[in-house]
Amino acid sequence: MKLLTKKLIAEYKTIQAMITIYCRDHHQSEKKGSLCSHCAELFSYAVTKLDRCPYGEEKPVCNKCPIHCYKPEPKEEIKKVMRYAGPRMLLPHPVLSVRHLIHARQAVPEKPKPNMSNRYQRMQSMKNESDE
């Protein structure tokens, strides 16, 4: 079963591209396209937060979200990454860049309904499959 679905896959690809750009330009990685251990840890943290976002598929962009789910240290790290990589995304990832800009202009949804997170939906789906 996939960890992320639908709209969240684009969010996943966007954060992956941003962290890869930042790591490539700031850290010495042994392989091209690979992440250093610090950036890999940050990416893993970001994916976990994306999976558990209470908005689920209706997730707003993080800087407009009223729910701040990142701890202070990773939050500052991801802000640095986004500030640096955001403007550098347009040429290597034009579709992700434009999609993110459009998504950033959308209104923030109302308070999320209970049990909307991707993780909860996935667990329910797995539970229903095992009951059958």
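Each chain has its residues counted from 1, running along the sequence as written. Totals for whole chains, interfaces and linings use all residues, but because this is a predicted model, local features are given only for residues with pLDDT of at least 70 and pairs of side-chain atoms are given and counted only at 80 or more. In computing side-chain properties, one takes all heavy atoms of the structure into account and sets aside hydrogens as well as water.

Looking now at the environment of leucine 42. Where helices and strands are cited, they refer to DSSP runs of H or I of at least four residues and of E of at least two residues respectively, numbered from the N terminus. Following the sequence through the fold, leucine 42 ends up in helix 2 (residues 37-51). Throughout, a residue-residue contact means that at least one pair of heavy atoms, one from each residue, lies within 4.5 Å. The contacts of leucine 42, once residues within four sequence positions are left out, are Ile19, Pro74, Glu77, Ile78 and Val81.

Among soluble globular proteins, nonpolar side chains are generally buried collectively. We define the nonpolar core as a collection of buried residues of types Ala, Val, Leu, Ile, Met, Phe, Trp, Tyr and Cys that are connected through side-chain atoms lying within 4.5 Å of one another. Whether a residue is buried, partly exposed or exposed follows from its accessible area with a 1.4 Å probe, protein chains only, as a fraction of its type maximum: under 20%, in between, or over 50%, in that order. In terms of nonpolar packing, the biggest core is built from 21 residues, with Ile15, Ile19, Cys39, Ile78, Val81 and Met89 touching the most fellow members. At seven residues, the largest contribution of residues to this core is made by helix 1 (residues 7-26). Apart from residues no more than four positions distant in its own chain, isoleucine 78 is found in contact with Ile15, Ile19, Leu42 and Tyr70.

With phi around 60°, asparagine 115 is a residue other than glycine that occupies positive phi space. Residue position: asparagine 115 is located in the loop between helix 4 (94-105) and helix 5 (118-131).

What follows concerns the side chain of serine 97. As for its position among the elements, serine 97 is in helix 4. With relative accessibility at 9%, the residue serine 97 sits in the buried group. Among the polar contacts listed, one links the side chain of serine 97 to the backbone nitrogen of leucine 90, at a separation of 3.3 Å. In this view, serine 97 contacts Met89 and Leu90; residues no more than four positions away in its chain are not counted. Polar contact criterion, stated in full: a pair of N or O atoms within 3.5 Å, where within protein one must be able to donate a hydrogen and the other to accept it, and residues adjacent in sequence count only if both atoms are side-chain atoms.

Let us look at the packing of aromatic side chains. Working definition: a ring pair exists when centres of Phe, Tyr or Trp rings (six-membered ring for Trp) sit within 6.5 Å. Plane angles under 30 degrees give stacked, over 60 give edge-to-face, the rest tilted. Throughout the structure, instances matching the rule amount to three aromatic pairs. Here the guanidinium or amino end of arginine 88 rests over the ring plane of tyrosine 84, the centre of that ring lying 3.7 Å away. Criterion for a charge above a ring: Arg CZ or Lys NZ at most 6 Å from the ring centre, at most 35 degrees from the ring normal.

On to the pattern of salt bridges, then. Any Lys or Arg side-chain nitrogen located within 4 Å of an Asp or Glu carboxyl oxygen qualifies as a salt bridge. The full count for this structure, using the stated rule, is seven salt bridges. Measuring nitrogen to oxygen at the nearest pair gives 3.9 Å for the salt bridge that ties lysine 59 to glutamate 11. Within this pair, whereas lysine 59 is found in the loop between helix 2 and helix 3 (72-85), its partner glutamate 11 is found in helix 1, the two being separated by 48 residues in sequence. By relative accessible area, lysine 59 is classed as buried at 7%. The class of glutamate 11 is buried, set by a relative accessible area of 10%. Ionic contacts of the salt-bridge type, sharing partners, join the residues Glu11, Lys59 and Arg99 into one network.

Side chains of Leu90, Val98 and Ile102 sit close together on the surface and give an oily, nonpolar patch of about 270 Å² of accessible area. Secondary-structure assignment places leucine 90 in the loop between helix 3 and helix 4. Each patch is assembled from residues with relative accessible area greater than 30% and no salt bridge, linking like charges that lie within 9 Å and nonpolar side chains (Val, Leu, Ile, Met, Phe, Trp, Tyr) that lie within 5 Å. For accessible areas, the Shrake-Rupley method is used with a probe of radius 1.4 Å. Any residue's cover is judged against the shown protein chains and nothing else.

Below, the discussion takes up helix 3. Compared with an ideal rise of 1.5 Å per residue, which puts 14 residues at 20 Å, helix 3 spans 20 Å between its outermost C-alpha atoms and is within 8% of the ideal. Every buried residue belonging to helix 3 is among Pro74, Glu77, Ile78, Val81, Tyr84 and Ala85, and all of these are buried. For helix 3, the buried positions fall inside an angular range of 130° around the axis, keeping them on one side. In helix 3, the exposed residues that point more than 90 degrees away from the buried face are Pro72 and Arg83. Buried positions along helix 3 lie against helix 1 and helix 2. Multiply 1.5 Å by the residue count of a helix minus one, and that product is the helix's expected span. Of all possible arcs, the one meant is that of the directions from the helix axis to the C-beta atoms.

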